[in-house]
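Descriptive analysis of the structure
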Amino acid sequence: MADDRHAPKLDDEFNDDDLFASAIEIKVEAKADISLEDDRSNGLSPIEEQSHNLSAADEIDLNSDSEYKDGVPDTKAKIELRSEPEDIFEDIPEPKEVHRETMAGRSTLETLVTSPRTQSCNAYHAGTMIEEEKVITAESDGKFITISVKDPQKIGDGISSFLTYNVVTHTNIGLFKKTEMTVSRRFSDFLGLHDKLAEKYLHKGRLVPAPPEKNVVGTTKVKMAGGQTEHEGKLPEFVERRRAALERYLIRIAIHPIFQVDPDFREFLECEDELPRASNTSALSGAGVLRLFNRMGETVTKIAFKMGESDPWFEERHQQLETLESQFRRLQASLEGLYSHRRELAFATAALGKGLALLSNGEDHAGLSRALAKMAELHDKLEGVHNDQSNADFYILHELIKDYLSLLGVVKDVFHERVKAFQTWQHAQQMLAKKREAVDRWEATGRSDKVAPAKDEVLEWEAKVNRSQEEFDVISKAIKKELELFDLQRVKDFKAAFISYLEAQMKAQDKIIEHWETYMPEAKAIA
């Protein structure tokens, strides 16, 4: 019986093992090899390939109750994209590794981290750019969807102005009306999409990616600045960072097999008309204030109510994620420091180049003057290389860590939803016990007129107990499967990011050596 279940208790201690071990244990064997080519003449960056490999792996059914064998889920289920799905929670596969064939028939590696855009928007200094069209692809049985966010435009002037972004989508999924779509969206539209998805899926244990955080200071500066969003082919730093963050946000939604076919997400991508204004996303709106009070209430509830945990899996995962979050925050702080130091190094290198140029102008010796002038040019080039390195620190690693800190916050939210489901179940058990006591009391006192209604209430609360118990079990299973996918994606993301980062740093070092070797004959020519 549902009412005979006891409140969970905490037993096990956390074993601080390798944080990536669980993901590696459940990793599904890929059907296609991933090859990393040193020669990237096809125009794809290492950042573009990771999600393309999603189609090479077997699927994981998110809602299947099948047992796991040897730590590996049953991978017989295949993706089925229906034109009109009756229940999108049935037969949900794992986000598949996606591959895009290059012109030479080869695959490259891609991460979900968005780097600076090409020269028309925002580029690395001194001609060193990571060529990129940020595209994510999620494929299953030949079905794919690619999304990119580009071309921020400022609409209006003054404090009432706002930015719009072009969201470009390519897909052959039958649920979409077109195969190619380009729509214009405001930042509030992205927030509205998140609110809709969170309302539908968060209480079911699904990890709904969080959108970029609001930045009142950065937004106000852009609104009050005159002119266009682009200046000399570059985007303001705040605008480029937000564009990249919005792109990564849509990417994470697109690779999730449930959110990918959600009606609200499809409307966001294909509706050419302006979406209804999501006014409740404003921090100063009534809904925003109410949301703030609700969060405060939930925070108090989290502190006051401590759920006993009978499932050691949840207790272990909770402590593991707490440790992971702490490590991520330390790494984020280190990357911020590294980014700042490289920026300072670039600035100091540029200042040294200017000093050498002035010195060469005042030098009477022709050979020495020429050597100083060439060294000034050399330091101008080195400034660009150092800026490239700082951009790699930020866009490849720092933003990835920031995204995962946000995702860990979502994991905490779904854990809290499970706690609320447990509270509902516990309350129903308490009420059922009270109703049964009332039946016994009326029978003992001979009040037959009260017994029948009391028994009806007992039946009603028994149904509520069974229903709340079932909801608790369902959300627990959903969270477990979501975290399995979270671990798999985390390993893939970090592997691709590390490879991309190493390649960027090696390329920068090669350029530094090349610049110094080019200058060496000038120094030897001084007579």
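Residues numbered from 1 in each chain as written. Predicted model: local features only at pLDDT ≥ 70, side-chain atom pairs only at ≥ 80, totals over all residues. Heavy atoms only, no water.

1. A short note on the pattern of salt bridges
Let me state the cut-off plainly: Any carboxyl oxygen of Asp or Glu that lies within 4 Å of a side-chain nitrogen of Lys or Arg is treated as forming a salt bridge with it. Counting from the N terminus, the helices are DSSP H or I runs at least four residues long and the strands are E runs at least two residues long. Each residue's exposure class comes from its accessible area (1.4 Å probe, protein chains only) as a fraction of the maximum for that residue type: buried when under 20%, exposed when over 50%, partly exposed otherwise.
Under the counting rule described, the total for this entry stands at 25 salt bridges. Residue arginine 248 is joined to glutamate 399 by a salt bridge in which the shortest nitrogen-to-oxygen separation is 3.1 Å. Of this pair, arginine 248 sits in helix 4 (residues 237-254) while glutamate 399 sits in helix 8 (residues 366-444), and the two are 151 residues apart along the sequence. The class of arginine 248 is buried, set by a relative accessible area of 2%.

2. Some thoughts on the confidence of the model for the protein chain
Regions with low pLDDT should not have their predicted coordinates read in detail. The criterion, for reference: Summary of the metric used: pLDDT quantifies the predictor's per-residue confidence within the range 0 to 100. Throughout, a residue-residue contact means that at least one pair of heavy atoms, one from each residue, lies within 4.5 Å.
On average, residues of the protein chain score 76 in pLDDT, and 66% of them reach the 70 mark or higher. When the criterion is pLDDT under 50, residues 1-140 qualifies, and its contacts beyond four places in sequence or with other chains add up to 376 contacts.

3. A short note on the pairing of strand 3 (residues 162-171)
Regular strands show a simple pattern: their side chains alternate between the two faces of the sheet. Inclusion rule: At least two DSSP bridges between two strands are needed for those strands to be called paired.
When you tally the buried positions in strand 3, you get seven out of 10 residues, the bulk of the element. With antiparallel pairing between neighbouring strands as the criterion, strand 2 (residues 145-155) and strand 3 make up a hairpin whose turn holds six residues, including glycine 156 at a positive phi of roughly 85°. Both strand 3 and strand 4 (residues 180-186) contribute to a ladder of seven bridges, which runs antiparallel. Residue histidine 170 lies in a different strand from strand 4, and its bridge partner there is glutamate 180.

4. What about helix 7 (residues 312-361)?
As a reminder, the rule being used: Any helix carries an expected span of 1.5 Å times its number of residues minus one. Polar contact is the term for a pair of N or O atoms within 3.5 Å; when the atoms are in protein, one must be able to donate a hydrogen and the other to accept it, and sequence-neighboring residues count only if both atoms are side-chain atoms.
With 50 residues, helix 7 extends 74 Å from end C-alpha to end C-alpha; this agrees with the ideal 74 Å at 1.5 Å per step. For helix 7, the N-terminal cap is aspartate 311; the gap from its side-chain oxygen to the backbone nitrogen of tryptophan 313 is 2.9 Å.

5. Overview of the nonpolar core
The tendency in soluble globular proteins is for nonpolar side chains to be buried side by side. Going by this rule: Residues grouped as a nonpolar core are buried Ala, Val, Leu, Ile, Met, Phe, Trp, Tyr and Cys residues, joined through side-chain atoms within 4.5 Å.
The biggest cluster of nonpolar side chains holds 42 residues, and the ones touching the most others in it are Phe328, Phe415 and Phe486. Elements represented by at least two residues in this core include exactly helix 7, helix 8 and helix 9 (448-524). It is helix 8 that provides the largest number of residues to this core, a total of 21 residues. Beyond its immediate sequence surroundings of up to four residues, phenylalanine 486 is in contact with Leu207, Leu321, Tyr404, Leu407 and Leu408. Ile145, Val183, Phe187 and Leu269 belong to the second largest nonpolar core, which has 33 residues in total.

6. Here we look at the packing of helix 2 (residues 187-201) against helix 4
Formally: A fitted line through C-alpha atoms represents every axis, and for helices the fit uses only the stretch in contact; the resulting angles, taken between N-to-C directions, go from 0 to 180 degrees. Orientation categories follow fixed angle ranges, with anything under 35 degrees roughly parallel, anything over 145 roughly antiparallel, 65 to 115 roughly perpendicular, and all other angles oblique. Note on convention: the crossing is left-handed when the near helix lies turned anticlockwise from the far helix by less than a right angle, right-handed when the turn is clockwise. Three classes are used: nonpolar for Ala, Val, Leu, Ile, Met, Phe, Trp, Tyr, Cys and Pro, charged for Asp, Glu, Lys and Arg, and polar for all others, with Gly counted as polar.
The geometry of helix 2 relative to helix 4 is characterised by a closest axis approach of 12 Å and an angle of 25° between their N-to-C directions. Between helix 2 and helix 4, the interaxial angle falls into the category roughly parallel. At the point where helix 2 passes helix 4, the crossing takes the left-handed sense. Where helix 2 approaches helix 4, its residues Phe187, Phe190, Leu193, His194 and Leu197 are matched on the opposing element by Arg242, Leu246, Tyr249, Leu250 and Ile253. Across the contact of helix 2 with helix 4, the residue classes tally to eight nonpolar, one polar and one charged.

7. Some details on unusual backbone geometry
For aspartate 151, which is not a glycine, the phi torsion comes out positive at approximately 55°. Mapped onto the fold, aspartate 151 is located in strand 2. When its relative accessible area of 32% is taken as the criterion, aspartate 151 is described as partly exposed.

8. Thoughts on the packing of helix 2 against helix 5 (residues 263-270)
For the pair helix 2 and helix 5, the least separation of the axes is 9 Å and the interaxial angle reads 165°. Taken together, the axes of helix 2 and helix 5 lie roughly antiparallel to each other. In terms of crossing hand, the pair formed by helix 2 and helix 5 is left-handed. On helix 5, the residues touching Asp189, Phe190, Leu193, Lys196 and Lys200 of helix 2 are Pro263, Asp264, Phe265, Glu267 and Phe268. Looking at the contact of helix 2 with helix 5, its residues break down into five nonpolar, no polar and five charged.

9. Thoughts on the side chain of serine 369
Looking at where serine 369 falls in the secondary structure, it is placed in helix 8. A residue is classified by how much of its surface remains accessible, and serine 369, at 16% relative accessible area, is buried. Residues within four places of serine 369 in sequence aside, it is in contact with Ser360 and Glu363.

10. Overview of the environment of tyrosine 519
Along the chain, the position of tyrosine 519 falls in helix 9. Among the residues examined, tyrosine 519 registers a relative accessible area of 11% and is labelled buried.

11. Regarding the packing of aromatic side chains
Aromatic rings considered in pairs are described by the distance between their centres and by the relative angle of their planes. Quick note on the threshold: Note on aromatic pairs: the rings of Phe, Tyr and Trp (six-membered ring only in Trp) are paired at centre separations within 6.5 Å, and the planes decide the class, stacked below 30 degrees, edge-to-face beyond 60, tilted for the rest.
Scanning the model with the defined rule gives 16 aromatic pairs in all. Taking the centre distance of 5.5 Å and the plane angle of 55° together, the rings of tyrosine 404 and phenylalanine 494 count as tilted. Of this pair, tyrosine 404 sits in helix 8 while phenylalanine 494 sits in helix 9, and the two are 90 residues apart along the sequence. Of the two residues examined, tyrosine 404 and phenylalanine 494, each falls in the buried class. Measuring from centroid to centroid gives 6.0 Å for phenylalanine 422 and tryptophan 425, while their planes differ by 90°, and the two rings are edge-to-face. Of this pair, phenylalanine 422 and tryptophan 425 are both found in helix 8, three residues apart, which corresponds to roughly one turn of the helix.

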